[in-house]
Amino acid sequence: MALLQPIQPLSHLIVAKFGGTSVADFDAMQRCADIVLANAQTRLVVVSASSGVTNLLVELTSNLDNERRKTLLTEINGVQQRIIAKLHEPEAVSEQIAAILSRMAQLSEALLHQRSKAIMDELLSTGEQCSSILFAAVIRQKGHASQMFDVRKVMRTDSQFGKAEPQIETIATLAQDSLMPLLTKNIIVTQGFIGADEQQQTTTLGRGGSDYSAALLAEALTAHAVEIWTDVAGIYTTDPRLAPNAHPIAEISFNEAAEMATFGAKVLHPATILPAVRQQIQVFVGSSKAPEQGGTWIRHQVEDEPVFRAVALRRDQTLLNLHSLQMLHAQGFLAHTFTTLAKHKISVDLITTSEVNVALTLDKTGSDTSGQGLLSEALLQELSQHCRVRVEDKLALVAIIGNKIALTSGICSRVFQVLEQHNVRMICQGASPHNLCVLVAESEAAKVVSSLHQNLFE
Ligand code: ADP
Ligand code: ASP
Ligand code: MG
């Protein structure tokens, strides 16, 4: 092994998170290692599973025949082996990876007999377990001291498998005690997305949760900044896949970024901003493929606060229309409805009301890893007892994000001119100064986003 470089004193800890495409293969990991090593303050690295691996693991948790199960295991194994093959000292990690892969096979088999959410979460966690071991090896190959750290020792959550809730104070205590001392000697590579409950059972934070993990660890360690390295050079005015002329935003406020993440800008997991706001930690978003292009800084205060900042799209929305004749001049219908929804652990997203109707969309943000729909038979039956329920799906929510939207004249006429050709199923504006939302048919969503972008930003 190459001679290890001396480690510098730690004064402004930076937590760097690398998403799936950034750690997809050996070359991608090398580029990310260079980003880490370019700043001596970057001591904690949080990684996702290599691109595609979590999707394969999710499929592995479904009801499968043995042949498909084996194919998926082989595919996941292939991703790891192609990285190992490029290491100078593969034997340093190959045993650990083999042990995880064999546990993966064991867990997928256990699911054939018992469909347990705890087993599913442990299975899903194996993707990040592998990528973190391999990433630490890539850093060591570049001559720097690096170690994998099992985040489950500090990322304490409740036992809601599939979408576990982190326990902020416990995480801070555990991280300060057992993770902080390691950062003075080493570059530590740990897993995003996963945690453990009090009984040390593995949990997951919901799809895309690695961004959230990085922010939670930064908060626990009172870091100076969090860097989210992904496949785009920052937060854009809209998803660049939907509008080729979308452009990166140099600086954006916590409020605007939180709205964007909530309303579907996949570049950030919706909960990422919360820990950063609590500790006033700056967040940077950039491309691991092109770090020289710079990216977006998310800060508490920004110089420019434009009325129109970005357009976000959230697909796969469900509209619940509840009709009650008893609601006319009566009290308690909304209270009853919300109590029923809360009992079924459903949070409401948008809402409009008329004299005898309530229309609401369900909040699916950061939905759990089980892939199950939110609307259960039990919930629909319970709601039907006191109103007529109509469910509409194949809808998408388009949100215009900005500042002082509700206080600026002329916004609606500009937006509705663009929407003239489309059937707008629901509109919400006024609750937040930062957004205006419209619900449209899923099939028209991409067109709505690109037309709005063209009109408001190009
Ligand atoms: P990672 O695997 O690194 O976490 P994700 O796929 O979760 O990456 O998020 C990055 C993707 O988010 C981009 O490829 C882009 O298509 C999508 N995206 C959606 N909205 C935006 C936006 N406003 N700005 C940038 N990217 C966006
Ligand atoms: N690997 C997890 C997922 O694909 C978490 C993440 O990438 O953020 O959902
Ligand atoms: Mg992501």
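It should be emphasised that the depicted structure is a prediction, and the values quoted were computed from it without experimental measurement.

1. Digging into the site of ligand 1
For step 1, the next point in the chain: Neighbouring residues of ligand 1: 17 residues in total, closest Thr-230, Tyr-236, Asp-239, Arg-241 and Lys-266.
For step 2, the next point in the chain: With respect to ligand 1, the side chain of Thr-230 contributes an N or O atom lying 2.7 Å from an oxygen atom.
For step 3, the next point in the chain: Asp-231 is positioned with one of its side-chain polar atoms (N or O) 2.8 Å from an oxygen atom of ligand 1.
For step 4, the next point in the chain: In the shell around ligand 1, the residues fall into seven nonpolar, five polar and five charged.

2. Some points on the sheet that holds strand S1 (residues 14-18)
For step 1, the next point in the chain: Read across the open sheet, the eight strands follow the order S3-S4-S2-S1-S7-S9-S10-S8; overall the sheet is mixed. Edge positions in the open sheet fall to strand S3 (146-149) and strand S8 (251-253), since each of these has one partner strand only. Along the sheet, successive strands turn relative to each other by an average axial angle of 20°, direction set aside.
For step 2, the next point in the chain: Bridge analysis of S8 against strand S10 (residues 295-299) gives three bridges, and the strand direction is parallel.

3. A short note on the sheet that holds strand S11 (residues 308-323)
For step 1, the next point in the chain: Strand order across the open sheet formed by six strands is S12-S13-S11-S14-S16-S15, with antiparallel pairing between neighbours. The sheet terminates laterally at strand S12 (348-353) and strand S15 (424-429), the two strands that pair on one side only. Taking each pair of neighbouring strands and ignoring which way they run, the sheet shows an average axis angle of 30°.
For step 2, the next point in the chain: Sheet topology note: the S12/strand S13 (residues 357-362) ladder contains four bridges and is antiparallel.

4. Comments concerning the site of ligand 2
For step 1, the next point in the chain: Neighbouring ligand 2 are the residues Ser-48, Ala-49, Thr-54, Glu-128, Phe-193, Arg-207, Gly-208, Gly-209 and Ser-210.
For step 2, the next point in the chain: At a separation of 2.7 Å, a nitrogen atom of ligand 2 approaches a polar side-chain atom of Glu-128.
For step 3, the next point in the chain: Within the backbone of Ser-210, a nitrogen or oxygen atom sits 3.0 Å from an oxygen atom of ligand 2.

So, how was this worked out
Residues numbered from 1 in each chain as written. Chains lettered and ligands numbered in written order. Predicted model: local features only at pLDDT ≥ 70, side-chain atom pairs only at ≥ 80, totals over all residues. Heavy atoms only, no water. Near = heavy atom within 4 Å. Polar contact = N/O pair within 3.5 Å; in protein donor to acceptor, adjacent residues only side chain to side chain. Nonpolar A, V, L, I, M, F, W, Y, C, P; charged D, E, K, R; others polar. Pairing = 2+ DSSP bridges. Helix = DSSP H or I, 4+ residues; strand = E, 2+ residues; numbered from the N terminus. Axes fitted to C-alpha atoms, helices over the stretch in contact; angles between N-to-C directions.

Shape descriptors only; they carry no functional weight alone.
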